[in-house]
Structure formats: structure tokens, C-alpha cells
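Structural characterization, general
One-letter residues, chain by chain:
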Amino acid sequence: MSKKLSNLITPFVFFSLILGAAGLTATHFLAGQYQEQVVTQQLNEAANKANLQIDSELDKFKQIPDLLSHDPRLLSYFDKSLKTDKISTAELNTLLFEWSGQSQADTIYIHDPSGTVVASSNYRKPRTFVGENFAFRPYFASAIKGHKTQYVALGARSDVRGYFLSSPLYIDDDIVGVITVKVSLENLENILTSDDFEIVVLDSNQVVFLSSQAPWLYHSLLPLTDQQQQDIAAQRQYGQNKISIIDAFNSTNQTTDASKVLTANQLFKLGTFNLYPAATSDNQYQVVAIKDTRSELLKVLQLDVIFIVIYSLVMLIAWSWRQTYLAKVALTELNQNLEQTVDKRTQYLKQSNQQLQQTLFQYQESQLKLKQTEQELTQTAKLAVLGELSASINHEINQPLAALRTYSENSVKLLEMGRSDLVKSNLDKMIALNTSITEIIARLKVFARKVTKQEHHVASLHHAINNATSILRALMIKQGITLKLSTVPDDINIAIHPTELEQVLVNLMHNATQALSQQAALQNDLETQEGNQPTFPQIGVEWQLNNDACQLIIWDNGIGIASDKLEQLFDPFFTNKPEGLGLGLSISKRIIEAYHGTISATQREPSGMVFSLNIPLYQDKG
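Computed from a prediction, not measured in an experiment: that's the story for all the values here. (Residues numbered from 1 in each chain as written. Predicted model: local features only at pLDDT ≥ 70, side-chain atom pairs only at ≥ 80, totals over all residues. Heavy atoms only, no water.)

1. Notes on the packing of aromatic side chains
- Counted by the stated rule, this structure contains 8 aromatic pairs.
- Plain terms: the ring middles of Y77 and F78 are 5.2 Å apart, the flat faces sit at 80° to each other, and that makes the pair edge-to-face. The pair Y77 / F78 is uniform in exposure class, with both members buried.
- Ring centres of F570 and F611 lie 6.5 Å apart, and the angle between their planes is 90°; this geometry places the pair in the edge-to-face category. Placement of the pair is F570 in the loop between β15 (549-556) and α14 (584-594) and F611 in strand β17 (residues 609-616), with a sequence separation of 41 residues.
- One aromatic cluster is present, built from ring pairs that chain together Y109, F129, F134 and F136. (Phe/Tyr/Trp six-rings, centres within 6.5 Å; stacked < 30°, edge-to-face > 60°. Buried < 20%, exposed > 50% of the residue type's maximum accessible area, 1.4 Å probe, protein only. Helix = DSSP H or I, 4+ residues; strand = E, 2+ residues; numbered from the N terminus.)

2. Observations concerning the sheet that holds strand β8 (residues 268-270)
- Taken together, 5 strands build an open sheet; the order of strands is β7-β6-β10-β9-β8 and the sheet is antiparallel. With partners counted over all chains shown, the strands left at the sheet margins are β7 (208-211) and β8, one partner each. Taken pair by pair, the neighbouring strands of this sheet meet at an average axis angle of 30°, ignoring direction.
- Sheet topology places β8 next to strand β9 (residues 273-277); 3 bridges connect them, and they run antiparallel. Following the sheet pairing, K269 is matched in β9 by N274.
- Across the sheet, helix α2 (residues 11-62) touches β6 (198-202), β7, β8, β9 and β10 (286-292), and the angle it forms with β10 is around 145°. (Pairing = 2+ DSSP bridges. Axes fitted to C-alpha atoms, helices over the stretch in contact; angles between N-to-C directions. Contact = heavy atoms within 4.5 Å.)

3. Examining a nonpolar patch on the surface
- Taken together, the side chains of L303, I306, I310 and V314 make up a nonpolar region of the molecular surface, amounting to roughly 310 Å² of accessible area.
- If you trace the backbone, I306 turns up in helix α9 (residues 294-388). (Patch = residues over 30% accessible without salt bridge, like charges linked within 9 Å, V, L, I, M, F, W, Y side chains within 5 Å. Areas by Shrake-Rupley, 256 points an atom, 1.4 Å probe, with all protein chains shown as cover. Salt bridge = Lys/Arg side-chain N within 4 Å of Asp/Glu carboxyl O.)

4. Considering the UniProt feature "transmembrane region" (unreviewed entry) in the chain
- Mapped onto the present numbering, the UniProt feature "transmembrane region" (unreviewed entry) falls at residues 300-321.
- End C-alpha to end C-alpha, residues 300-321 measures 31 Å, and it is 100% helix and 0% strand. (UniProt positions renumbered as here; feature names shortened; annotations may be inferred.)

5. Section: the pairing of β17
- Counting buried positions over the 8 residues of β17 gives 6, a clear majority of the element.
- In terms of strand pairing, β15 meets β17 through 8 bridges, oriented antiparallel. When the sheet's bridge partners are listed, I554 is paired in β17 with F611.
- Two strands pair when backbone bridges link them, and strand β16 (residues 598-603) and β17 are joined in this way by 6 bridges, in the antiparallel orientation. Within β17, the position partnered with S600 by the bridge is S612.

6. Some words on the sheet that holds strand β14 (residues 538-546)
- On the basis of which strands lie adjacent, the open sheet formed by 5 strands has the order β12-β14-β15-β17-β16 and mixed pairing. A strand with exactly one partner marks an edge of an open sheet, and here the two such strands are β12 (482-485) and β16. Each adjacent strand pair in this sheet contributes to an overall mean axis angle of 15°, direction not counted.
- Sheet topology places β12 next to β14; 4 bridges connect them, and they run parallel. Bridged to T482 within β14 is Q538.
- The strands touched by α14 within the sheet are β16 and β17, with β17 carrying the most contacts at an inclination of about 25°.

7. Brief notes about the side chain of S120
- As for its position among the elements, S120 is in strand β2 (residues 117-120).
- Exposure remark for S120: the relative accessible area of 0% places this residue in the buried category.
- Only 2.4 Å separates the side chain of S120 from the side chain of N122, close enough to count as a polar contact.
- Apart from residues no more than four positions distant in its own chain, S120 is found in contact with N93, L96, T107, I108, Y109, T128, F129 and V130. (Polar contact = N/O pair within 3.5 Å; in protein donor to acceptor, adjacent residues only side chain to side chain.)

What follows is the structure in C-alpha cells.
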């Protein structure tokens, strides 16, 4: 028996067993390391993604307390020096309710220096915060000392998780109270769901306050220190005196040191789980991605089995073919490795090329969509101006239409009387009125049509000014506005599309008519009170040539705009008109700058505004 055994245990077999054992050990180790790297990368991406998503949601509310703390209406409640215009408690509650609706915050409330809530946006609800004292909350204690604070806790009254943002209220240099914004965290859990991972969010004491697993809420992953337990109980942070460990980790943490903490950006093994904590956010929370290790262990064991099977087959083949086969295998393995390397490199280059092509296509598509959006926005602004002018345009068209009806009825009677000579005269007048209506509609159609790339970018200054003033003529006559227009020769051509130039001129002059309308209303009030002499409304259009550019100046003596708002004048959606879109001047600036021109605005003395446009002259290359 021993002789047979010695015959089987040949040097080749012994060497093969030693090599197999070493290979299996190395394979198991490398597979484990690789799976650990893969899991680390996956958990890192999951944790950072969740971190960014939560930060993005919370950043929407981060500046709200600081912004609202400067509202004079709110501060007037605490200002004891004010004798009038002091906001009442009921008005303050209503103001906070409106702010809460606009900002989509769960609750906004105000503390006095003792921590008592004097006003709250939930004042109508049965469990209102009004009258409650939250001096025990850290966010109040920190804010009353002058610090902006973020804090996570379970609502003492509402039992709803909230993210609390607090800022002090100052009058002069004295802190008179605290404003707190509570953001509900219920909706944030929707972004934490994942099929492969569990995502939990820890507060500064490493207690779970967000998780897709409801039983994990208000528990810890690791034991807390006695001081942490005392602080949480004193602050009534989660409505319970002691925070226990999550059941899934409890058996593995019984012997764990309570002072141990999760190290950020490192894989942390806890029993049958891999944990990857992201760095603590500026918003004072930490995201941890968790995955069960059993699936990775199964993959490693599968690789071990595959290695054993393959190694056994190789050894059997090697036993049959001996040295000749070993040489062939070595050559084959070398060729296979080379082919795999070439194939991988080729595949990588193909993928990179496809990604580059896709990126270029997306960029071109984005550029096209951006241009289409800009054109649609410009068209919308045109139609908005036409909508505002609809009353005056309707009046201008209705007058000749009424005259046409009168001439038509008169002509019928004249035909019955046999007065054909007068009928002919009426028909001539009706043709002239029809021509007038056609010209009005033609001007509006030219102004309202979309600009295409195929059209030439050259405009006659004379025609552009005439067309723009024609569109606004009825409105200016109705408001009694005097138009001071410098004579413009027919031979001045500037490098801009005529329809877009007309749009800019209509926007500026239409704004001027609205400013003059406001000025007239204000002037009527002053005349009623003081008997002042009226100022006649005027709009001026001037021009001059400067080297290779044409300067257009449009001015009015209207109500003007405050000097501190001049820098915002061309910003999108900035407007002083309740019904305005705030797009006219922004679109006008984009149009002028698209043709290498400039536009600026200054105040006019004693009142009104001056808009200056510099547009290059058209150079005929033919």
C-alpha cells in the first residue's frame, strides 16, 4: 500500500499539489481584494451620489433663514422704538405662513430671547408651535449666540423628522430673537432606495435619521458613549432617552469599544456587512452606504471552484502531454494573453470613440435646442408687446372699418337714387381705407414673423424707425405723447436683421410709453395735492454716425428708474411692472450683442431714461 502511495506521489504530483494550493490561496486572496475594491468603488459612488442629492435638496433652504432675518416687517415686531407700522402677532403669523408656502418649507417660526415661539407658520394647526419653548434645542442655543445653525431632530410637537436651520435676528447689533426653518425629511428617503445597497444618513452623534429601512431609524450602527446618550436625552432629539444599536449589527457590536467611530472614505467591515462612510457634509450629516458581504464571499468562492476545476483539467492534460504539451500550453497562453490585451485595447478604443461621438452629438443637439429656445423666447416677447398694444391697434383698425361700413351703407342708398357719380367717389374712399388697413396689418405681420437664418442681416435705419413708430403711433396719440424724431436719410444701412432691430426699438419705445403713463398717474396725484404744473410727456429718437458704427439714442421724460437698480435693468425677469415678463430689455441686449453691438442705459435729468445703442454699419462686400 505504501509502495503504491509512493508511486502516486511523484515529484510532478507533489509539485502540482503545492502549486495548486499556492494558486488557490493567491486566487482567493486576489479575488477577495478585487471584490473589496469593486465594493469599495460601488459603495463610494452610492454614498457620494446620495450625499450630493441630499445636499442639493437641503441647499434649496439653506439661505432662507438668513434672507428672511433681514425683512423689516419681521424685525418691526421686536423693535421697541417704533411707534407706528409695527407688525402685530397675527400679521407676523400670516407673513410666516406665506413664506412657508412660497419656500416649500415645513414650518417657519420665530423665538424670543427666552426660546419661546412667538409666531409660527403652523399657527392654524392644532399642534402649533406658538407658545412652545425650544430653549433646550441646540439650534436655538447656538443661534441666540449669533451663529447660523443646522440641526437634525424628531419634532417635539409634530413627531415628524426635520432638518432645522436657524439664524439670529438683529436690530442694530443686538440679537432680539431667532428665526428657524424646519425642512421635512420624509421626501428625502425616496432618493435613498437602491436594489444593491442600503443607504443611511447619520447625524453628528452617528444616529440614523434617514434610511430606506424603517426599523433602523433613530438607532446607531456603533455603541454611543455615555456623554452622547446624555446629550441626546437632554436635547429630546429623537423622543427617547436611550439610543440602541440596530438589531442587524447588535450581535457583532457587543464587544465593540464605544469610543470607536466610522472613518470617512474608508471601507469598514462590521459583521456580515461592508460599510462605506462618506465625508461629513457641510450640513452636519454623514452618508453611509451598506452592503451585505455574503454576495461578495459567494463570488470569491465561485472563483475558487472555477480555479480548482480549471487547474485540475490543466494538470490532467499536463500529465498526458508532459513536457511537449507544457511548451505548447505556454505558447498558447502567451498568444491568448496577447490577443486578449489587443482585444481589450481595441474594445476600449471603440468605446472611447463611441462615447466621444455621443458627446459631440449631445453637444450639437444642446446647441440647437438652445438656439430654438432663444428664438421662441424672442417670439414670445414680440407677441407679448403686441398683446399689450392690442387695444390701440384694435382702435386704429376699427376707425377705418367703421368708415368703410358708413360709405358702404351710403353707397347703397346712392345707387337706389341713381347717383353713380357719388357712388364712385365713395368707392375710391373705401379703397383708400382698405389700403390703410392693409398697411397696418402688414406692419404687424412683419413685426410678428420669426427670423430665419436665410435672411440678410442688413437693415435700413429709416425704415426700421418708421415701422417701429407706426406700430406705437396709436398708443402714443392716445396718451398724448409727443414724439421728437430726427430726420433719418434713406441711405443709412446697419448690420442687423431689420425685424430684430424693429423689435428692439418697439421694446424701448413701448417701455418709454409705460414709464410716461406711470409718470402721468403720479403727476395727477401731485397736481391734485399741490396744484403743480404738468410736464408734457415726450419720447425722442436721435442718431449719429461714429466711424464704422451708428449710435441710436432713445430717451423719455418718464418716471425713470432708481440708480441702485440700473445694474439689474438688463437681467432676465427683472421688471418694475406687475404685469411685465421682464424679458424685453434682456432680449434686446442679446439681439444687439449678437450683432457685435452694445446697449446701455442711464438716467436723464430731471427725469426719465436714456438708452444708447451702438450698432456696426453694414459693409457691402459686393
